[in-house]
Amino acid sequence: ITVAARKLVDILRAMPDGPVKLSLTNKKINIESGKSSFSLQTLDAEEFPILSETSDFCTQFSLSQKNFKQLLTMVYFAMAHQDIRYYLNGMLLVIEGNTIEAVATDGHRLAYSTVNSQPAITPNNQRQEVIIPRKTIIELQRLLEESDEPIEIHFSPTQAKFKFNQIELLSKLVEGKFPDYQRVIPKEYKNTFTLERDLLQSALQRAAILTSDKFKGVRCIVDKNSFKVNSTNSDQEEAKEEIEVVYQGDAIDMGFNVTYLLDVLSNIKDEKIQFSLGDSNSSAL
């Protein structure tokens, strides 16, 4: 029989502790526990859509669930959401030797991370690139555990299969050519400084209070040994923050979407963040 998953989970979550009895009467499923009872509509099992599994999984590798979850966490927030460029609505995985790279971009920001795995089996030992849909990435993040237990990952030209714990997750892949991310990541910026992550995160969170839903911009000014964050809104209100840094480079005045910066800071766990800048009009690293 087929039953509405979300309703069933919500009911079970709200039930008091104790045994739960399920029974089927006249194509309705009855759920009873103590003095609580529910009756849900069902569908014929034949109507449940089955995703047929391909047989040509030619790329496979494994690593710990903890490491794979960390890899996804470091880049997932930069995935596009319902973008007309459908290949951006997912995460690029690049498999080469024993290195797995993850890349996500929505056209405004790009996140890149890498992790080591056991040597991957790929066709002719060639580098492989696949784009995994956004929904699959979000589901994996929810299901993966912070454990050293392995996850086995298999790719065919059209499908991905993830096996871990008692779960097998099968997903279609996104067709299309992902942008050349190596060309986007800035190289050899000379204006570099280091900040305490907590200090920067707190300053940005305070400055963000005065931004509006429509405009999330903050102004950042870096000058000799100083990093300033300013925000204003249509009510002529203003927030100013200043952090001391060790910096002797060019004076640079630039604007950021504060949400983009906070997304990065809330997922990075290191104590220090390195900023690298070109000028007011180039990307920040």
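Details of the structure are given in the entry above.
(A) Focus on the nonpolar core. Phe68, Leu93, Phe155 and Phe162 are the most contacted members of the largest nonpolar core, which has 31 residues in total. Once residues within four sequence positions are removed from consideration, Phe68 is found in contact with Leu63, Leu93, Leu140, Leu144, Ile151, Ile153 and Phe162. Among the nonpolar cores identified, the runner-up in size contains 26 residues, and Ala203, Tyr247, Val258 and Leu277 belong to it.

(B) Structural detail: the pattern of salt bridges. One pass over the full model with this rule turns up 13 salt bridges. Between Asp148 and Lys66 there is a salt bridge; the shortest N-O distance is 3.2 Å. Of the two residues, Asp148 is situated in the loop between α3 (134–143) and β10 (150–155) and Lys66 in helix α2 (residues 65–73); the sequence distance between them amounts to 82 residues. For Asp148, a relative accessible area of 59% gives the class exposed. Here Asp263 makes a salt bridge to Arg109, at a shortest N to O gap of 2.8 Å. Residue Asp263 is found in helix α6 (residues 258–267), and its partner Arg109 is found in the loop between β7 (99–105) and β8 (110–116); the two are separated by 154 residues along the sequence. When salt bridges with common partners are traced through the structure, they connect Glu96, Arg127 and Glu129 into a single cluster.

(C) Structural detail: the sheet that holds strand β4 (residues 36–43). The strand order across the open sheet formed by four strands is β1-β4-β3-β2, and the pairing between neighbours is antiparallel. Strands at the two margins of the open sheet, each flanked by one partner only, are β1 (2–3) and β2 (21–25). Pairing of β2 with strand β3 (residues 28–33) involves five bridges; the strand directions are antiparallel. Its bridge partner lying in β3, Ser23 is registered against Asn30.

(D) View of unusual backbone geometry. A positive phi angle, near 55°, is found at Asn124, a position not held by glycine. Inspection of the secondary structure assignment puts Asn124 in the loop between β8 and β9 (128–133). Take Asn124: its relative accessible area is 72%, and that puts it in the exposed class. With phi around 60°, Glu188 is a residue other than glycine that occupies positive phi space.

(E) Molecular detail of the packing of aromatic side chains. One pass over the structure, following the stated rule, counts 11 aromatic pairs. Between Phe61 and Phe155 the ring centres are 6.1 Å apart and the planes differ by 50°, which places this aromatic pair in the tilted class. On the criterion of sequence distance, the pair formed by Phe61 in strand β5 (residues 59–64) and Phe155 in strand β10 is long-range, its members being 94 residues apart. The same class applies to Phe61 as to Phe155, namely buried. Look at Tyr112 and Tyr181: their rings are 5.8 Å apart centre to centre, the planes differ by 25°, and that puts the pair in the stacked class. Of this pair, Tyr112 sits in strand β8 while Tyr181 sits in helix α4 (residues 181–184); the two residues are 69 residues apart in sequence, bridging distant segments of the chain. Linked through ring pairs, Phe193, Phe227, Tyr247, Phe256 and Phe275 together constitute an aromatic cluster.

The rules we used
- Residues numbered from 1 in each chain as written.
- Predicted model: local features only at pLDDT ≥ 70, side-chain atom pairs only at ≥ 80, totals over all residues.
- Heavy atoms only, no water.
- Core = buried A, V, L, I, M, F, W, Y, C linked by side-chain atoms within 4.5 Å.
- Buried < 20%, exposed > 50% of the residue type's maximum accessible area, 1.4 Å probe, protein only.
- Contact = heavy atoms within 4.5 Å.
- Salt bridge = Lys/Arg side-chain N within 4 Å of Asp/Glu carboxyl O.
- Helix = DSSP H or I, 4+ residues; strand = E, 2+ residues; numbered from the N terminus.
- Pairing = 2+ DSSP bridges.
- Phe/Tyr/Trp six-rings, centres within 6.5 Å; stacked < 30°, edge-to-face > 60°.

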